[in-house]
Amino acid sequence: MPELPEVEALAAFLRENAVGRVITRIDLAGIQSIKTFDPPLSAFAGLEVTGASRHGKFLDLDVSGLHLVVHLARAGWLHWRENLPPAPPKPGKGPLALRVHLDNGQGFDLTEQGTRKGLAVYAVRNPSEVPGIARLGPDALQVDREQFAALMGSRSGQVKGALTDQTLVSGVGNAYSDEILHAARLSPFKMANKMDEDELVRLYDAMRATLTDALERQVGQKAATLKGEKRSGLTVHARTGLPCPVCGDTVREVSFADTSLQYCPTCQTGGKPLADRRMSKLLR
């Protein structure tokens, strides 16, 4: 799932490559991806792209005051095209959800792999009209330490869930929460409101360092290389069975119904492997 660093890098890429160009048309191939009807996508034709930004994990393309807002969900991505085919795509065929044509023949596709469709596109006059943006908590790279500690203290659940709750702190998803918790040497099952001052400081510092490092590696990359750059920087996420680069212990996994987390027992849980979430006693 694209998270804060990848979405910020995509916004930077669009600022460099799309801003100043005029949209000639937008093709909708996946009808389920569009979540609004006013203004229609046809309203963007003939308007200049004037900006690109990010709200949490939402990508926002400013088109002369109208906004094309995208949430890439779990399996969505933006593919830049140097030459787009002139013929409109056939609806419902393949992973293509939406195609944006620019006046120089270039543009981009929004695609989503798999059968579970979560990619969402909103055509709005103000980004705050998007329900997910209206509910966002403070940005993970803008929240200060005191505010962060107060937010964690208000959450009675596990710290893994607190980090990924976009209404609490926005921008962090499954992958970077694993990385942040590993860097902070904290169990993903630690209760958010039970952390002491030292643990809160470690978590806050790890969040900023992890996201800042990822941003520095990814901003300036082409859209096509961002996924690989993200994978290359991961220490525990998606590395089940591999050695932890910090201590050498084997990275382990806890699976849930539709997702999983990865962690290092030596670095994070005092050497104790975590059992299945339904069977495990939470590590304090």
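Preceding this paragraph is the structure being described.
Residues numbered from 1 in each chain as written. Predicted model: local features only at pLDDT ≥ 70, side-chain atom pairs only at ≥ 80, totals over all residues. Heavy atoms only, no water.

### Regarding the packing of helix H3 (residues 145-153) against helix H6 (residues 197-218)
Link 1 in the chain: Between H3 and H6, the least distance of the axes is 10 Å, while the angle of their chain directions is 115°. For the crossing formed where H3 meets H6, the hand is right-handed. The residues of H6 that touch H3, namely those facing Arg145, Phe148, Ala149 and Met152, are Leu200, Val201, Leu203, Tyr204, Asp205 and Met207.
Link 2 in the chain: Among the residues forming the contact of H3 with H6, the class breakdown is eight nonpolar, no polar and two charged. (Axes fitted to C-alpha atoms, helices over the stretch in contact; angles between N-to-C directions. Helix = DSSP H or I, 4+ residues; strand = E, 2+ residues; numbered from the N terminus. Left-handed = near helix turned anticlockwise from the far one by under 90°. Contact = heavy atoms within 4.5 Å. Nonpolar A, V, L, I, M, F, W, Y, C, P; charged D, E, K, R; others polar.)

### Notes on the pairing of strand E3 (residues 58-63)
Walk down a regular strand and you will see the side chains alternate between the two sheet faces.
Link 1 in the chain: Of all six residues in E3, five are buried; the element is thus mostly enclosed.
Link 2 in the chain: Inspection of the sheet shows strand E2 (residues 49-55) paired to E3 by six bridges, in the antiparallel sense. What sits directly across from Val49, in E3, is Val63.
Link 3 in the chain: Between E2 and E3, which pair antiparallel and follow one another directly, the connecting turn spans two residues, one of which, Gly56, has a positive phi of 60°.
Link 4 in the chain: Pairing between E3 and strand E4 (residues 66-71): six bridges, direction antiparallel. Bridging from a neighbouring strand, Val63 pairs with Leu66 of E4. (Buried < 20%, exposed > 50% of the residue type's maximum accessible area, 1.4 Å probe, protein only. Pairing = 2+ DSSP bridges.)

### A few points about the side chain of Lys230
Link 1 in the chain: In this structure, Lys230 sits in helix H7 (residues 226-232).
Link 2 in the chain: Here Met1 takes part through its backbone oxygen, which lies 2.9 Å from a polar atom of the side chain of Lys230.
Link 3 in the chain: Those residues in contact with Lys230 that lie beyond four places of it in its chain are Met1, Glu3, Glu6, Ala175, Tyr176 and Gln218. (Polar contact = N/O pair within 3.5 Å; in protein donor to acceptor, adjacent residues only side chain to side chain.)

### Focus on the pattern of salt bridges
Link 1 in the chain: Inspection of every chain in the model, using the stated rule, returns 16 salt bridges.
Link 2 in the chain: Where Asp38 meets Arg125, a salt bridge forms, and the shortest distance between an N and an O atom there is 3.2 Å. Of this pair, Asp38 sits in the loop between strand E1 (23-28) and E2 while Arg125 sits in the loop between strand E8 (120-124) and helix H2 (131-134), and the two are 87 residues apart along the sequence.
Link 3 in the chain: When its relative accessible area of 42% is taken as the criterion, Asp38 is described as partly exposed. (Salt bridge = Lys/Arg side-chain N within 4 Å of Asp/Glu carboxyl O.)

### Notes on the sheet that holds E1
Link 1 in the chain: Spatial strand order, E1-E6-E7-E5: four strands in an open sheet with antiparallel pairing. Each of the sheet's edge strands pairs with one partner strand only, and the pair in question is E1 and strand E5 (76-81). Strand-to-strand twist in this sheet, taken as the mean axis angle between neighbours without regard to direction, amounts to 15°.
Link 2 in the chain: Pairing analysis gives six bridges linking E5 to strand E7 (residues 107-112), with the strands arranged antiparallel. Its bridge partner being in E7, Leu78 is matched across the sheet by Leu110.
Link 3 in the chain: This element, helix H1 (residues 4-17), spans E5 and E7 of the sheet and lies at about 20° to E5.

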